[in-house]
Amino acid sequence: MKTLSRLGLLSAAVAMGALAGLPALAQDSVNVTNLSYRTGPFAATGTPVMNGQRDYIMMLNERDGGVNGVKIVYDECETGYNTEKGAECYEKTKGSSIVTQPWSTGITLQVLPKSNVDKIPILAPGYGFSPMAEGKTFTWAFNPPTTYWDGASMILQNIADGNLDSLKGKKIVLLHLDAPFGKEPIPLMQAYAEKHGFTLLPIPVGLKEMQNQSAQWLQIRRERPDFVVMWGWGAMNAGALTEAAKTKFPMDKFVGIWWSGSDADLKTVGEAGKGYRSISWSFPVSDSKTMQDIKTHVIDKGKSLSAPGEFDYVFYQRGVVISMFAVEAIKSAQAHFNTKVVTPEQLRWGFENLKLDDAYLAEIGFTGMVPPFSTSCANHAGHSGGWMLQWDGAKFVKSSDLLKADETMIQPLAIAEAKKYAEANAPWPTNDECKM
Amino acid sequence: MDFLNSLLVKPFADMVAAPDFLIQVLWEGIVSGVLYALIALGFVLIYKSSRIFNFAQGIMVVFAALTLVGLHEKGVPALLAVPLTLVVMFILAVGIERVVLRPLVNQPDIILFMATIGITLFLVGFGEIIFGGENKVMITEQLYIPTGSFEFEPFGGFVSIEQKDLTAVIGAGLLVIALLVFLNRSKMGRAIRALGDDHQAALSVGISLSTIWVLVWFISGIIALATGIVWGARAGVSFALEVIAFKALPVLMLGGLESVSGAIIGGLMIGILEKLFEIYWGQPLLGGNTETWFAFVFALFVLLFRPQGLFGERIIERV
């Protein structure tokens, strides 16, 4: 029955996608295409997030008829997390969608220069190239609510109990996917290592080795690090957790970035993963108003593609939060430009003017699901900070108050890297109107 | 001088200094090798009987493992889910023979190879619709696969052998023996080999092409299920399992596409050598992650001297 329901939903999604192209609907709808990856080696990460994104939009359409009377069409173009396919999806959808959600650091880097020409905003929440937060350089790219470098800074502060000098003489392994995403924190962590006197040892994991990391964990056994920080995606996370449990590496010394904190991955090791931590800029609050409305309008009506139990997962609810960012940018642009159907240029303004404080998050039903933050023309991330989550053997629980990244350390590096990127890709248009 | 020392002396000194660690490295290499050999076997069987390089072997592993876990999620007891999964794999084999292979009889090899890419794309989409893309936990304990570990302290050190890995090695060994007995001793097995040697001659003595194709695709399905259980027990069941098929390519280059024993020995050689190279040379000298390319370079090196692979048949075509 569930299978038939899935097939039915898929047919409906295809039909909706086809209808979205009709001019008659173009006047009262906006298209937010997602370059999704529900297949391939990273589907385990992508699927629950995409389900959450899809279900939030569906709930708004069901409950409110869209946003201020404008229906939101949620389309997906499957990339399988493949950069070439991602670039094709971008070209295919840039004419119809008001935003591009590239969903991999590799694809983000590919479409970054194109977005300047096509004038379409890139929404890359919590991923992509960290210096994209520098809005004066990256006019069309947005990575709210926080960047990978923020994540690295928060992890280091947390494992050092707030005193980074206590890491002096210690050894930290960075177990990372051998891809642009995995290499992203290395420059910042190296800068930290030089400043605070610890040894950073990056250990790459290739795509074909994600599920058999015995060599990497033999190296970890030999090196005897004080901490292992994981920058994993997809099957790499479960592979690393299994090996860590197998080699009896102390889980409380093992910390991951937010894409290494999936309930489904931790369930692979279950009780043996107890104590593992993951920094996160989102937290599942299943009894929040938004989640309850999704349950009523989408889940209970059998319209969701999510697996049983996925509703409570960190990744599913992170997907909901991500779609909320896009919706709030649309709302913001609608109000500012006094229009209903916003254009990509107007949406860019919306992303630059997100004001998500505690009161507003409560008003839209997201209390406790994401830290408050706001963006500006200079700050395209918001740098919300995040919470350290810990696996208790069955689920993730919060194990810290809200952590904030050390922007005094990150900002100079981000500005320098943004400048370097712009020079390497000259002529690169910058936002000179931004005076912040 | 330092470089030569770290290339020719230090690795061996490290091996002698920490023999327990060397034993652990060798064991992990054996486990990896067996896992590679299992994947390679699926390719070999189909190639042996039909000269088709089955690009779909990786996705068959995913499909078999997802079916097993999916059936169990629907409430089917684990020990019943296994035979039911085999039924599904048999239906898949019949479907592939009827819909894809039969209409393409006598077509060039490249057409049949392309058809297996089509099968892959179909199974990716079909599997996603039916089972979703989320990571699923392999039903290891329900299948009575032991999950503890044996721990030893040789030379005052420490060696840990996962019971799961030991079961995989023994299980794979038994599967290979059964396969060899079947291919060499049974009538159907000999028919498969005959078809691999010469299609026309085999057909002329009454061997049914379609029956044998269904049979080999089904046996590949059994191997895919075994591979899926073993790999799924390591890191969960997801579409990522498809990628492991690429690990079989250098094994096939090394062992030869037609040789069952070549797949086993090739798999073990690559598993052990790539692990030794990564730990003692790759990580200290090259920054690690040499496993992504070592097996291919090693296989290429062997091909320079034996173009048919270590155990492949030397075919001389007279013009």
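Bear in mind the structure is a predicted one, so any value in this text is a computation, not a measurement. (Residues numbered from 1 in each chain as written. Chains lettered and ligands numbered in written order. Predicted model: local features only at pLDDT ≥ 70, side-chain atom pairs only at ≥ 80, totals over all residues.)

Details of the domain arrangement of chain A
All names here are of chain A.
Link 1 in the chain: Each assigned domain of chain A is listed here: domain 1 (2–146 + 284–383) and domain 2 (149–280 + 388–407).
Link 2 in the chain: Averaged C-alpha coordinates put domain 1 and domain 2 at centres separated by 27 Å.
Link 3 in the chain: Opposite the 18 residues of domain 1 that make contact, domain 2 presents 25 residues.
Link 4 in the chain: Secondary structure elements with two or more residues in the side of domain 1 that touches domain 2: helix H3 (43–64), helix H5 (105–118) and helix H13 (314–337).
Link 5 in the chain: Partitioned by chemical class, the residues of the side of domain 1 that touches domain 2 number 10 nonpolar, eight polar and no charged. (Domains from an automatic or database assignment. Contact = placed C-beta atoms within 7 Å. Helix = DSSP H or I, 4+ residues; strand = E, 2+ residues; numbered from the N terminus. Nonpolar A, V, L, I, M, F, W, Y, C, P; charged D, E, K, R; others polar.)

Observations regarding the sheet that holds strand S8 (residues 254–256) of chain A
All names here are of chain A.
Link 1 in the chain: Pairing is mixed in the open sheet, where seven strands are placed in the order S6-S5-S7-S8-S9-S12-S13. Bordering the open sheet on either side are strand S6 (199–205) and strand S13 (396–398), each of which pairs with just one other strand. Ignoring strand direction, the axes of neighbouring strands in this sheet form an average angle of 25°.
Link 2 in the chain: Where strand S5 (residues 171–177) meets S6, seven bridges bridge the pair, whose relative direction is parallel. Its bridge partner lying in S6, Leu 177 is registered against Val 205. (Pairing = 2+ DSSP bridges. Axes fitted to C-alpha atoms, helices over the stretch in contact; angles between N-to-C directions.)

Side note on the environment of Met 291 of chain A
All names here are of chain A.
Link 1 in the chain: For Met 291, the position within the fold is in helix H12 (residues 289–299).
Link 2 in the chain: Along the primary structure Met 291 and Tyr 316 are separated by 25 residues, whereas in three dimensions their C-alpha atoms are 10 Å apart.
Link 3 in the chain: Setting aside chain neighbours within four positions, we find Met 291 in contact with Val 285, Ser 286 and Gln 317.

Observations regarding the interface of chain B and chain A
Link 1 in the chain: Facing the 34 residues of chain B at the interface are 41 residues of chain A.
Link 2 in the chain: Looking at the side of chain B that touches chain A, the elements with two or more residues in it are helix H2 (19–50), helix H5 (109–131), helix H9 (209–235) and helix H11 (260–286) of chain B.
Link 3 in the chain: Counting residues per element, the side of chain B that touches chain A draws most heavily on H2 of chain B, which supplies five residues.
Link 4 in the chain: Class assignment for the residues of the side of chain B that touches chain A results in 14 nonpolar, 11 polar and nine charged.

Comments concerning the confidence of the model for chain B
Residues and elements named next belong to chain B.
Link 1 in the chain: Looking at chain B as a whole, its pLDDT mean stands at 91, while 98% of the residues score no less than 70.
Link 2 in the chain: Here helix H8 (residues 199–204) stands out as the element of chain B with the lowest mean pLDDT, 86, in contrast to helix H4 (residues 78–101), whose mean of 96 is the highest.
Link 3 in the chain: In the model output, the complex is listed with pTM 0.89 alongside ipTM 0.88. (pLDDT = per-residue confidence, 0-100.)

Brief notes about the pairing of S5 of chain A
Residues and elements named next belong to chain A.
Link 1 in the chain: In terms of burial, S5 is a largely internal element, six of the seven residues being buried.
Link 2 in the chain: In terms of strand pairing, S5 meets strand S7 (residues 227–231) through five bridges, oriented parallel. If you follow His 176 over to S7, its bridge partner there is Trp 231. (Buried ≥ 20, exposed ≤ 12 C-beta atoms within 10 Å, placed from the backbone.)

Thoughts on the packing of helix H3 (residues 57–73) of chain B against H4 of chain B
Residues and elements named next belong to chain B.
Link 1 in the chain: Two numbers describe how H3 lies on H4: the axes approach to 9 Å, and their chain directions differ by 135°. One finds that H3 runs oblique with respect to H4. Crossing handedness for the pair H3 and H4: right-handed. Across the interface between the two elements, Ala 64, Thr 67, Leu 68, Leu 71 and His 72 from H3 touch Ala 78, Ala 81, Val 82, Leu 84, Thr 85, Val 88 and Met 89 from H4. (Parallel < 35°, antiparallel > 145°, perpendicular 65-115°, else oblique. Left-handed = near helix turned anticlockwise from the far one by under 90°.)

So, the packing of H13 of chain A against helix H14 (residues 344–352) of chain A
Residues and elements named next belong to chain A.
Link 1 in the chain: In contact at an axis separation of 7 Å, H13 and H14 are set at 110° when each is read in the N-to-C sense. Relative to H14, H13 is oriented roughly perpendicular. Like other packed secondary-structure pairs, H13 and H14 cross with a definite hand, here right-handed. Contact with H13, carried on its side by Ala 329, Ile 330, Ser 332, Ala 333, His 336 and Phe 337, involves Gln 346, Leu 347, Trp 349, Gly 350 and Phe 351 of H14 and no other residues of that element.
Link 2 in the chain: Looking at the contact of H13 with H14, its residues break down into seven nonpolar, four polar and no charged.

Looking at helix H9 (residues 214–223) of chain A
Link 1 in the chain: Taken across its 10 residues, H9 of chain A has seven buried, putting it largely inside the fold.
Link 2 in the chain: Restricting attention to buried positions, one finds in H9 of chain A the residues Ser 214, Ala 215, Gln 216, Trp 217, Leu 218, Gln 219 and Ile 220 of chain A.
Link 3 in the chain: Structurally, H9 of chain A contributes buried residues whose contacts are with S5, S6, S7 and helix H10 (235–246) of chain A together with H2 and H11 of chain B.
Link 4 in the chain: Trailing H9 of chain A by a residue or two, Arg 224 of chain A shows a phi angle of about 50°, which is positive.

A few points about the nonpolar core
Link 1 in the chain: Ala 37, Leu 38, Ala 40 and Ala 65 of chain B are the most contacted members of the largest nonpolar core, which totals 223 residues.
Link 2 in the chain: Shared between two domains, this core holds at least three residues of each, these being domain 1 (2–146 + 284–383) and domain 2 (149–280 + 388–407) of chain A.
Link 3 in the chain: Contact partners of Leu 38 of chain B, with chain neighbours within four places excluded, come to Ala 172, Ile 223, Ala 226, Thr 227 and Val 230 of chain B. (Core = buried A, V, L, I, M, F, W, Y, C linked by C-beta atoms within 7 Å.)

Description of H3 of chain A
Residues and elements named next belong to chain A.
Link 1 in the chain: Along its 22 residues, H3 runs 31 Å from first to last C-alpha, staying within 8% of the 32 Å computed at 1.5 Å per residue.
Link 2 in the chain: Where burial is concerned, most of H3 is hidden: 18 out of the 22 residues are buried.
Link 3 in the chain: Gly 65, located one to two residues past H3, shows a positive phi value of around 75°. (Expected span 1.5 Å × (residues − 1).)

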